Amino acid sequence: MLRFLVRRSLGAIVIILLISAITFFLFFALPSEPAQLACGKNCGPDAIALINKNLGLDEPVPLQYWHYLVGIFAGRDFEIGHCPAPCFGYSFRNSQPVWETILDRYPTTLSLAVGGAAVFLVIGVSIGMIAAAKRGTFTDKFFSSLSLIGNSLQIYFVGVIALWLLVDTWGLIDRPEYTPITENPAKWFSGLLLPWLVLSIIFIANYSRMTRSQMVEQLNEEHVRTARAKGMSGRTVFFRYAWRGAIAPIITIVGIDLGSLFGGAMITEFTFTLHGLGRLAVESVTEKDLPMLMGVMLFSCTAIVIANIIVDALYAVIDPRVRLA
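Definitions and limits used
Counting from 1, residues in each chain are numbered in the order their sequence is written. Side-chain atom pairs in this predicted model are given and counted only at pLDDT of 80 or more, local residue features only at pLDDT of at least 70, and totals for whole chains, interfaces and linings cover all residues. Side-chain calculation: all heavy atoms of the structure are included, whereas hydrogens and water are not. Put simply, DSSP H or I for four residues or longer makes a helix, DSSP E for two residues or longer makes a strand, and each gets a number counted from the N terminus. Each polar contact in these results corresponds to two N or O atoms within 3.5 Å; when the atoms are within protein, one needs to be able to donate a hydrogen and the other to accept it, and residues that are neighboring in sequence are counted only if both atoms are side-chain atoms. We call two residues in contact whenever any of their non-hydrogen atoms come within 4.5 Å of each other. Each helix should span, by expectation, one fewer than its residue count multiplied by 1.5 Å. What the bend at a residue measures is the angle between two axes, fitted to the seven residues ending there and to the seven starting there. Grouping buried Ala, Val, Leu, Ile, Met, Phe, Trp, Tyr and Cys residues that are joined through side-chain atoms within 4.5 Å yields what is termed a nonpolar core. Burial classification: accessible surface area is computed with a 1.4 Å probe over protein chains only, and a residue below 20% of its type maximum counts as buried, one above 50% as exposed, and the rest as partly exposed. For the purposes of this analysis, a disulfide is any pair of cysteine sulfur atoms at a distance within 2.5 Å. The rule is short: rings of Phe, Tyr and Trp, with Trp giving its six-membered ring, pair when the centres are within 6.5 Å, and they are stacked under 30 degrees, edge-to-face over 60, tilted in between. Criterion for a charge above a ring: Arg CZ or Lys NZ at most 6 Å from the ring centre, at most 35 degrees from the ring normal. Axis geometry follows a simple rule: fit a line to the C-alpha atoms, using only the stretch in contact for helices, then measure angles between N-to-C directions, giving values from 0 to 180 degrees. Geometric relationships in this document are graded by angle, where less than 35 degrees denotes roughly parallel, more than 145 denotes roughly antiparallel, 65 to 115 denotes roughly perpendicular, and other angles denote oblique. Handedness of a helix crossing follows the sense of rotation of the near helix relative to the far helix, less than a right angle counterclockwise being left-handed and clockwise being right-handed. Three classes are used, and their members are as follows: Ala, Val, Leu, Ile, Met, Phe, Trp, Tyr, Cys and Pro are nonpolar, Asp, Glu, Lys and Arg are charged, and the others, Gly among them, are polar.

Peer 1: When you look at the side chain of Thr211 in this model, what are you seeing that I'm missing?
Peer 2: Relative to the assigned elements, Thr211 resides in helix 8 (residues 185-219). Within the local environment of Thr211, its side chain forms a polar contact with the backbone oxygen of Tyr207, the two atoms lying 2.6 Å apart. In contact with Thr211, not counting residues within four places along its chain, are Gly124, Val125, Gly128, Met129 and Ile250.

As structure tokens, then:
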């Protein structure tokens, strides 16, 4: 297992370095000059030269990239002051350290993504297991039809309708807002319940169909039929043999869907006016705040890569054949 994790971690480091390099050099591939973006439209040559010097933009691009990487791990000194590690530079919009803004925004996105994933896994897998156990019956057909409907819906449409009906019209759910879980767990839960349900609706449809398909396939495997022939109860065969074989591929798909989950969280944040990393990324694009955009992209990609390593480790625990490979 240790060799497995080391190999995955080394690959993750290479991926993160490539992402940082691509992101950084795309920064300079844009037609606009970074110092001009930081200064604004009514900015003279002297002011632009001063900004280039203060932010280190007057150095060669490869050297700037090296200083950028070093700053992430060891901090960096600018003409305007010292930026402690991890240093992602200063925002063009408000001259605040990028890292501080990310730390302020990421708990919202993390809560939204983790809560949404928990909802769609619990509900989606449960529906899929029920449909597999009742395959061919009305229950199976009913859940299959619901999954097709859910898969055709869009977050921005469902979010607006749910907000109008459940909050404004019927008052069944509190208006969505983010409250730190350390301050008030109950308010944190009630404030994110509706965004979780909206974010997870498409994933529920996909995972219910996927779980049903995997369970039906596992129930027809030789080892499951052998266990049934030995006189084991249907519950034992279903959960101990079929379910364990079906859950491993689902965990793999969860790792692949992490990027889609972040994209869905971005739309959900805008729909419910939540101030997370997705909303920060869109604001950075709109305001051409390149250091902030780079920091958000690198932070998000790193989080997704780390989450994939965790998923791979869980997959290796569930399926010993992965460790042997």
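Moving on, there is more to tell.
Peer 1: How do you make sense of helix 8 when you look at a structure like this?
Peer 2: Count 3.6 residues to each turn of an α-helix, and residues three or four apart come out pointing the same way. The terminal C-alpha atoms of helix 8, which comprises 35 residues, lie only 41 Å apart, well short of the 51 Å expected from a rise of 1.5 Å per residue. At Ile201, helix 8 shows its largest kink, close to 45°.

Peer 1: Just to check I follow, could you spell out the nonpolar core for this structure?
Peer 2: Nonpolar side chains tend toward joint burial in soluble globular proteins. Counting residues in each nonpolar core, the largest one holds 33 residues, and the members touching the most others are Phe120, Leu194, Trp196, Val198, Tyr207, Leu261 and Phe272. Per element, the largest residue contribution to this core is 10 residues, and it comes from helix 8. Beyond its immediate chain neighbours, meaning those up to four positions away, Tyr207 contacts Phe120, Leu121, Gly124, Ile250, Ile253, Val254 and Asp257. Counting 21 residues, the second largest nonpolar core, distinct from the first, contains Phe27, Tyr65, Phe92 and Leu280.

Peer 1: Would you mind going over the state of the cysteines with me for this structure?
Peer 2: Here is the idea: a disulfide is a covalent bond, and it sits between the sulfur atoms of two cysteines. Per the counting criterion, the structure on display carries one disulfide. One disulfide in the model links Cys83 with Cys87; its S-S distance is 2.2 Å. Negative torsions about the S-S bond denote left-handed disulfides, and the value of about 110° found for Cys83 with Cys87 makes this one right-handed. For the pair formed by Cys83 and Cys87, the shared burial category is buried.

Peer 1: I keep staring at the packing of aromatic side chains and nothing clicks. Help me out?
Peer 2: How two aromatic rings sit relative to each other is set out by the distance from centre to centre and by the angle between their planes. Applying the stated criterion across every chain, the model contains 15 aromatic pairs. With a centroid separation of 5.4 Å and 55° between ring planes, the pair formed by Phe24 and Tyr65 is classed as tilted. Placement of the pair is Phe24 in helix 1 (residues 2-29) and Tyr65 in helix 4 (residues 61-74), with a sequence separation of 41 residues. Tyr65 gets classed as buried once you look at its relative accessible area, which sits at 13%. Three or more aromatic residues joined by ring pairs form one cluster here, namely Phe24, Phe25, Tyr65, Tyr68, Phe88, Trp99, Tyr106 and Phe299. The cationic tip of Arg279 hangs over the ring face of Phe270; the distance from NZ or CZ to the ring centre is 4.7 Å.

Peer 1: Just to check I follow, could you spell out the side chain of Asp289 for this structure?
Peer 2: Topologically, Asp289 is positioned in the loop between helix 12 (277-286) and helix 13 (290-318). Ignoring anything within four residues of it in the chain, the contact list for Asp289 reads Ser91, Phe92, Arg93 and Ser284.

Peer 1: Would you explain the packing of helix 5 (residues 98-133) against helix 11 (residues 258-271) in this entry?
Peer 2: When two helices pack together, their arrangement is given by the angle between the helix axes and by the axis-to-axis distance. Packing of helix 5 against helix 11 brings their axes to within 10 Å, and their N-to-C directions diverge by 115°. Taken together, the axes of helix 5 and helix 11 are roughly perpendicular relative to one another. Relative to helix 11, helix 5 is oriented so that their crossing is right-handed. Only Leu261, Phe262, Ala265, Thr268 and Glu269 of helix 11 make contact with helix 5, whose side of the interface consists of Thr109, Leu112, Ala113, Ala117 and Phe120. When the residues that make up the contact of helix 5 with helix 11 are grouped by side-chain class, the tally is seven nonpolar, two polar and one charged.

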